[in-house]
Amino acid sequence: MTPASSKLLSPLCLTNADGTTTMLRNRLIMGSMHTGLEELPDGWERLAAFYAERAAGGVGLIVTGGLSPNSEGNMWSGMRTLDSEEAASPHRVITEAVHAQGAHIVIQLLHAGRYATHADGVAPSALRSPISPATPREMSADDIHRTLFDYAQAAILAQGVGYDGVEVMGAEGYLINQFMAPRANQRNDEWGGSLENRIRFGVEAVRKVRAATRSNFIIIFRLSMLDLVQGGCTWDEVVEMAKAIEAAGANIINPYVGWHESRVPTIATLVPRGAFTGLTLRLKSELGVPVVASNRINDPGLAEQILAQGGADLVSMARPLLADPMLLKKYASGQSTLINTCIACNQGCLDEAFSGRLTTCMVNPRACRETELRIEPTAKPMRIAVIGAGPGGLACAVTAAQRGHEVTLYDAAPVIGGQFNLARLIPGKEEYSETLRYFSAELVRLGVEQRLGERAASKSLLAAGFDHVVLATGVVPRRLSWPGIEHPRVLRYADVIEGRTPVGARVAIVGAGGIGFDVAELLSHEHLEGNELEQFTATWGIDLQGQSPGGLTNPQPARMSRELWLLQRRSDSLGKGLGKTTGWIRRALLRRRGVNMLSGVVYDRFDEEGLHISVGGVARILPVDHVVICAGQDSDRSLLGELESAGQPLSLVGGARMAGELDATRAIDEGVRLACRL
Ligand code: NAP
């Protein structure tokens, strides 16, 4: 690909309502994400910096996080709303900052409907969603007309503060989507029942926005292409809706897959890249306006391929632009190996957002902290040793080198990556390799000296006279002490994951944290028939032909040749500490495969009979061939004492600083922050 032959980098001509045209500078859209900055007192400047950095990275069109056109539609009480001049005017700093970088920006209008977590929620019918705390009030005909008016008013306000358009959220199970699907719409007036009635609300919202705004105001409609819930729409209905929305005046259709209450993963890392683009192509063939491909597209190369094959007119990436705002510029300049790729872990972004915290990104802690975490050239270059090439050490080494320090990176292992080398071997977590590819390329680009396969000793570190030593030595597995723990059939998790030891047909896993779940996933995983996409759709019961309402079909029965027990001492249910947006997927997979999950376990001993435990005071023996210990970690600080007593300036990051609750998000964040201070 050269920039000249790239479809992704080529401009897109949008037809305005009056037949004139609007030119987008390329075909990459930054998809909508609520970051949490929207609610902060200094959020406007911070949002402006956040979006401006992505615009500077070359993205053609930005869609902001969603705001409701009235307070009933807010996701939670006290959320900001786009319902008055006063509410709209602070947005101007955002639109100006983005326009200064040559990109277009539209604001998303999102009415939560029954997904509102406050008591004033409204919906087509008084039906509580399975993930909502409250039953919404059924909207009266007056409520409906008033809300449609509010959409138009919000669009006028958006236009007034410089937005180039709006994206009307009609997917993900929010209000407009609720009107569309029988699952949430049981009305028998003109707003429910027949397809024509169910789509009326979405169509009217678009029509009113179009009528209220100038002719070159962009209207994107986010359409649920596959609801993935019982009582969802059929493919034929989706096509009819899309056509009606186009006729009402939308000039881009942006299809999405799944409702928030779906029990089918759509954007987690185990979803194959571009899994739903076949459907986008089918939809595009029915429409005249440009159509967007989205959902698990994290690579400009894949985006290019989709566009080249005519599968879409534009590609939307959201999380990948958290991970690397410069993604498109790097691609355009032939430096794709330097892209910090989104691995769809959700740990820094969606898990945080759905816990009411500020969004960031595991692999890029600067995301949403652009104004506070700056990587600026150092005035005093130092010689820095970073000991440990796990995620925290890598982040520190790279950031320090970016600032102009002279960095030497040590690791006892012959390759970089630390715990990520284990993570990437777990089925469904292969994307973790991308982070290591990025760090590896960046280390070379920055000229970091890599001393791999070399266990750093305090004596040689002191002799080398480094100005600063960063101990990113990570963790060592916690040692347990019950009888039989040294038995050869009691295994270390790293040996199991790396395939260094055979594992029998009956296995007990001691410890159900992140690593216990990873090991259970690995040992229960069976290869199904077909390619990656076929295996994924068969496992989760997804009908990509869209024949069945909601696109759901029967999942293929789970198979597991092993008998597995996943154990923890705590009495609560297993996997509570896993990520909010991915933990349910991991629990569901193991449950479906028949993994035995036991909590409240007391370990007694291991011998030839198996693992002796008691649960609720009742003793039992698990007749297992092997036990895998995944009982957490202790910090590895073996170098600390001697370096400290010799007066060596040093810092600890990641697991070496604190093993409890260790996760890569914290390790990378600490590595970057430390490097910014040095
Ligand atoms: P962890 O999450 O702290 O889990 C340790 C497990 O061992 C817990 O189930 C704990 O539960 C058990 N345990 C602790 N002390 C024990 C003892 N003395 N005897 C028996 N069991 C004991 O640690 P981890 O699984 O090693 O993971 C380390 C970190 O890596 C995690 O915190 C996580 O953030 C990260 N990680 C994340 C993922 C992910 O998917 N997000 C995957 C892998 C790793 P009880 O005390 O109740 O038995």
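In every chain, residue numbers begin from 1 and rise along the written sequence. For this predicted model, a pLDDT threshold of at least 70 governs which residues receive local features, and a threshold of 80 or more governs which side-chain atom pairs are given and counted, while totals over whole chains, interfaces and linings are taken from all residues. Values shown for side chains rest on all heavy atoms present in the structure; no hydrogens or waters enter the calculation.

Caption draft 1: Quick peek at the packing of aromatic side chains. In this analysis, rings of Phe, Tyr and Trp, with Trp reduced to its six-membered ring, are considered paired at centre separations within 6.5 Å, and the interplanar angle assigns stacked below 30 degrees, edge-to-face beyond 60, and tilted for intermediate values. Following the criterion strictly, the structure yields 10 aromatic pairs and no others. Ring centres of Tyr-410 and Phe-466 lie 6.5 Å apart, and the angle between their planes is 90°; this geometry places the pair in the edge-to-face category. Taken as a pair, Tyr-410 in strand E14 (residues 406-411) and Phe-466 in the loop between helix H17 (458-464) and strand E16 (468-471) lie far apart in primary sequence, 56 residues in all. A relative accessible area of 7% means that Phe-466 is categorised as buried. Going along the chain from the N terminus, every DSSP run of H or I of four or more residues is numbered as a helix, and every run of E of two or more is numbered as a strand. Any residue under 20% of the maximum accessible area for its type is buried, any over 50% is exposed, and the rest in between are partly exposed; the area is computed with a 1.4 Å probe on protein chains only.

Caption draft 2: Representation of the environment of Ala-664 in the model. Its location among the elements puts Ala-664 in helix H23 (residues 664-677). Put simply, Ala-664 and Arg-506 are 158 residues apart on the chain and 31 Å apart in space, counted from C-alpha to C-alpha. Any two residues whose heavy atoms approach within 4.5 Å are treated as being in contact. Excluding residues within four positions of it along the chain, Ala-664 makes contact with Met-362, Pro-391 and Phe-420.

Caption draft 3: Examining the sheet that holds strand E11 (residues 292-293) more closely. Strands pair, by our definition, only if DSSP identifies at least two bridges between them. Taken in spatial order, the eight strands line up as E10-E9-E8-E5-E4-E3-E12-E11 in an open sheet, and their pairing is parallel. Each having just a single partner strand, strand E10 (252-257) and E11 make up the two edges of the open sheet. Bridging between strand E9 (residues 218-226) and E10 involves six bridges; their strand directions are parallel. For Phe-221, the partnering residue across the bridge sits in E10 and is Ile-253. The axes used here are C-alpha line fits, helices contributing only the stretch in contact, and every angle between their N-to-C directions lies in the interval 0 to 180 degrees. Where helix H3 (residues 92-100) meets the sheet, it contacts strand E4 (61-67) and strand E5 (104-109), and its direction lies at approximately 145° from that of E5. Sheet strands in contact with helix H8 (residues 235-248) are E9 and E10, and its direction is about 175° off that of E9.

Caption draft 4: Here's a closer look at the nonpolar core. Core analysis: the biggest nonpolar cluster contains 158 residues, and Phe-221, Ile-253 and Leu-283 have the highest contact counts within it. Setting aside its immediate chain neighbours within four residues, Ile-253 contacts Phe-221, Leu-223, Ala-242, Ile-245, Leu-283, Leu-287, Val-289, Pro-290, Val-291 and Val-292. Residue types Ala, Val, Leu, Ile, Met, Phe, Trp, Tyr and Cys, when buried and joined through side-chain atoms within 4.5 Å, form a set referred to as a nonpolar core. Among the nonpolar cores identified, the runner-up in size contains 24 residues, and Tyr-493, Val-496, Leu-578 and Leu-590 belong to it.

Caption draft 5: Expanded view of the side chain of Thr-22. Here Thr-22 lies in strand E2 (residues 21-24). Look past the residues within four positions of Thr-22 in its chain and what remains in contact with it is Leu-12, Cys-13, Leu-14, Asn-16, His-104, Asn-216 and Ile-218.

Caption draft 6: Molecular detail of helix H4 (residues 141-160). Expected helix span is computed as 1.5 Å times (number of residues minus one). Taking 1.5 Å of rise per residue, 20 residues should cover 28 Å, and H4 covers 29 Å from first to last C-alpha, within 8% of that figure. Listed as buried for H4 are Asp-143, Ile-144, Thr-147, Leu-148, Asp-150, Tyr-151, Ala-152, Ala-154, Ala-155, Leu-157, Ala-158 and Gln-159. Backbone geometry just downstream of H4 places Gly-162 in the positive-phi region, at approximately 100°.

Caption draft 7: Looking closely at the pairing of strand E13 (residues 383-387). Most of E13 is tucked away, with four of its five residues classed as buried. Two strands pair when backbone bridges link them, and E13 and E14 are joined in this way by five bridges, in the parallel orientation. Among the inter-strand pairings, Ile-387 is bridged to a residue of E14, identified as Tyr-410. Handedness of a crossover is defined as follows: orient the strands so they point away from the viewer, and if the path from the first strand over the helix to the second runs clockwise, the crossover is right-handed. In this fold, the crossover linking E13 to E14 by way of helix H14 (residues 391-402) has right-handed handedness. With four bridges joining them, E13 and E16 adopt parallel strand pairing. For Val-386, the partnering residue across the bridge sits in E16 and is Val-470.

Caption draft 8: How the structure looks around the domain arrangement of the protein chain. Note that the domain bounds reflect an automated or database-derived domain assignment. One can read the domain layout of the protein chain as domain 1 (12-353), domain 2 (383-477 + 637-677) and domain 3 (490-525 + 560-631). Centre-to-centre separation of domain 2 and domain 3, based on C-alpha positions: 30 Å. Accessible-area loss on putting two parts together, using a 1.4 Å probe and summing over both, is the definition of buried area adopted here. Here domain 2 and domain 3 share an interface that buries about 810 Å² over both sides, 71% of which is from carbon and sulfur atoms. Salt bridges are counted wherever a side-chain nitrogen of Lys or Arg sits within 4 Å of a carboxyl oxygen of Asp or Glu. At the junction of domain 2 with domain 3, the criterion picks out one salt bridge. Of the charged contacts in the structure, one is a salt bridge between Asp-518 and Lys-429, with a shortest N-O distance of 3.1 Å. Think of a polar contact as two N or O atoms within 3.5 Å of one another; within protein, one of them needs to be a possible hydrogen donor and the other a possible acceptor, and neighboring residues in sequence only count if both atoms come from side chains. Where domain 2 meets domain 3, there are one residue pair in polar contact (both at pLDDT 80 or more).

Caption draft 9: Quick peek at the pairing of strand E8 (residues 165-170). Across the six residues of E8, six count as buried, placing the element largely inside the fold. Here E8 shows a buried face lined by Gly-165, Glu-167 and Met-169 and a second buried face lined by Val-166, Val-168 and Gly-170. By the bridge criterion, four bridges tie E5 to E8 in an arrangement that is parallel. The partner of Ile-107 across the bridge, within E8, is Val-166. Across six bridges, E8 lies against E9 in parallel orientation.

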